[in-house]
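Notes for the structure review
One letter stands for each residue in the lines below.
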Amino acid sequence: MEQKLQELKMRLAEAADLDAAAALLTWDQSTYMPPGGALARARQLATLTRLYHERFTDPAVGRLLDDLRPYEESLPYDSDDASLVRVTRREFERMTRIPSDFLGDFYQHSSSAYQAWTQAHKENDFQRMIPFLEKTLELSRRLANFFPGYQHIADPLIDFADYGMKASALRQLFATLRQHLSPLVLAIAAQPPIDDSCLFKRYPEERQLAFGSAVIRRMGYDFDRGRQDKTHHPFTTKFSLGDVRITTRVQENYLGDALFSTIHEAGHAIYEQGIPMAFEGTTLAGGTSSGVHESQSRLFENIVGRSRSFWHYYYPSLQDMFPEQLREVPEEAFYAAINKVTPSFIRTDADEVTYNLHIILRFDLELDLLEGRLEVKDLPRAWHERFDQDLGLVVPDDARGVMQDVHWFGGWIGGVFQGYTLGNLLSAQFLEAALQAHPEIPGEISQGQFGTLHAWLKENIYQHGRKFTEPELVQRVTGEPIRVEPFIQYLHQKYDALYHLNT
Ligand code: ZN
C-alpha cells in the first residue's frame, strides 16, 4: 500500500508541475508579456492544459485509486492519506466523466461568445448575444447531466467551485439574506450621503504601493514566498506553496482601489501560504472552495481592513505617507469615507452592504434559466425588474445590466456566482468563532498586531488545505452549518452607527 500511495503521489506531483507551469504562463500573460506574445501563449497554454488533463486522468491513476480504497477505509476520515485518496478520487471522477470532445466544443463556443461579447458590450447590443447565451445554456445543462442523480440541475455545476453546497439550500439562505439586506440598503439610501472626496485626491503610485505592502506584510503575507506585481484585474496565483503571488492595480486619483485590492488578494494568498508543506504537489495543496477562499480575502479586506480598530492603528502612518492629502481629514471622516454605501449598477464597484444583492440576483437568474423558467430573451427584463426591487435603481442599459460581467459570456451558466456571497457570509461566521476563542483580537488589531487572528485561521482553516469540503469545514470550525446571522449582525453593528439608523 505504501508503494501504491507513493506512486499516486508521484503521478499527482507530475500533473501539478504541468498545472503550475500553465499558471506561470498565465501570470506572465497578465503582467509582463508584450502583446506580440498573445497568439503563441494561447497555444502554449492549451498544450500544457491538455498534458495536465492527460496526466491526471491516466487510467493508471484510476487503478491506483481503486487499489487504495481498502487502505483509505482503514484510516480515520480526517487523516492526511485518507483525505488525499478521497479528494483525488473526486477530482478524477469529475475529470473523467466529461468527454474531451464536449469540452473542446465548449471552449470553442465560449471563445467565440467572449469575442462577440467584447463588441456587444461596447455597443449595448444584447440581441446579438441571445444565440450565444442559448447555446451556453444548453451546454451548461449537458455538463450537469454528465453527473446524474442530482437534486437540482445546478448542483453539479455548483460542485465545481463549492463542492457539497446544494442549490435548494443556497436559494433559501440567500433569500433570507436578501430579506435583511434590501431594507437596510433602502434605509441607508434615504440618509444624507457620506462625503468620500478625501479618497479622490492625487495619491502617487509608489507611495500607495509601499503602504499596501507594509500593511499586508504585517497581516502575515510572506514576501519570501511571494511577490506583488501590477495587472488590469487583480488576482492571486500559486506555482507552489513556496511561491504564492498577488497582483494589484493603482489609480493615482483614487486611494481605495490599490489598497483594498492588495489586502483582498493578500487574504487569498495568506490562506495558500498557510497550507502545510507536506501537501505540496498533491490534490490537498490548495484552498478548499471558492466560498472559503473568498471568506479569507473578505475577512482581511472588509472586516479587518475597513474596521475602526485597524484604522486606529494605521491612519497616523497613512497621514504621514500622504500629509498634503490627509492632514486635514480626521480619522472618523476617513473611516466613514472607506465605508460609504451607495447602490450602484456595477457589481465590482459595490460596497459590502449592496454587494450581495448583486450576487443573489445573478444566482437566482441562473437557477431560473437552468430550470427553464426564464428564457434567454427575457433576461434583461428580469434583470431590470429585480434591480429596481432590490436596489431601488432603474438600470439605464444592458451594458450596465445583464452584460456587465464576463462570467456568462465566457464560461458556464450556473455555479458561477454563489462563492462570492458564501465568502461574505463565512467571513463573519468564522470571525465570530475566532472572537469566541480570542476576544482580544480587535484590541490587538488596534495595536497593529495580527498574530492571534493569523494563528487561529491557520489552526482552524489553513492547515486543512482541501481535506474537508466547505460544509464540513464550516461545521468543524463553528459547530454549525453556514448561517446568515453573523454577517447581518456585523453589518448592523457597523452601519447603524455610521448612518444613524434605528433598526
Ligand atoms: Zn477574491
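It should be noted that the structure appears before, not after, this text.
Right, let's walk through the structure included here. (Residues numbered from 1 in each chain as written. Predicted model: local features only at pLDDT ≥ 70, side-chain atom pairs only at ≥ 80, totals over all residues. Heavy atoms only, no water.)

**Details of helix α3 (residues 59-67)**
Considered for burial, the residues of α3 that qualify are A60, V61, G62, L64 and L65. N-capping of α3 is provided by D58, with a side-chain oxygen placed 2.8 Å from the backbone N of A60. (Buried < 20%, exposed > 50% of the residue type's maximum accessible area, 1.4 Å probe, protein only. Helix = DSSP H or I, 4+ residues; strand = E, 2+ residues; numbered from the N terminus. Polar contact = N/O pair within 3.5 Å; in protein donor to acceptor, adjacent residues only side chain to side chain.)

**As for the pairing of strand β2 (residues 236-240)**
The pairing of β2 with strand β3 (residues 243-248) spans four bridges and is antiparallel. Each bridged residue has a counterpart across the sheet, and for T236 the counterpart in β3 is I246. Between β2 and β3, which pair antiparallel in sequence order, lie two residues. (Pairing = 2+ DSSP bridges.)

**Quick look at the layout of surface pockets**
Estimated volume of the second largest pocket: approximately 500 Å³. Looking at the second largest pocket, it is lined by 19 residues, and the ones nearest its centre are I303, L431, L435, Y490 and Q493. Counting only elements with at least two residues in the lining of the second largest pocket, the list comes to α12 (290-304), α13 (308-321), α19 (418-437), α20 (441-445) and α23 (485-498). Examining the composition of the lining of the second largest pocket, we find that six residues originate from one element, α23, more than from any other. Here the residues of the lining of the second largest pocket sort into 12 nonpolar, four polar and three charged. (1 Å grid on protein atoms, 1.4 Å probe; cavity = no way out; pocket = protein on both sides within 12 Å on 5 of 7 lines; lining within 4 Å. Points joined across faces, edges and corners; volume = space filled by probe spheres on them. Nonpolar A, V, L, I, M, F, W, Y, C, P; charged D, E, K, R; others polar.)

**Some words on the coordination of the zinc ion**
In this structure, H264 (NE2), H268 (NE2) and E294 (OE) serve as the protein donors to the zinc ion, at separations of 2.1 to 2.5 Å. One chain supplies every donor to the zinc ion, and in sequence these donors are spaced H-x3-H-x25-E. Of this pair, H268 sits in helix α11 (residues 256-273) while E294 sits in helix α12, and the two are 26 residues apart along the sequence. The burial state of H268 is the same as that of E294; both residues are buried. (Donors = N, O, S within 2.8 Å, 3.2 Å for Na, K, Ca; no water.)

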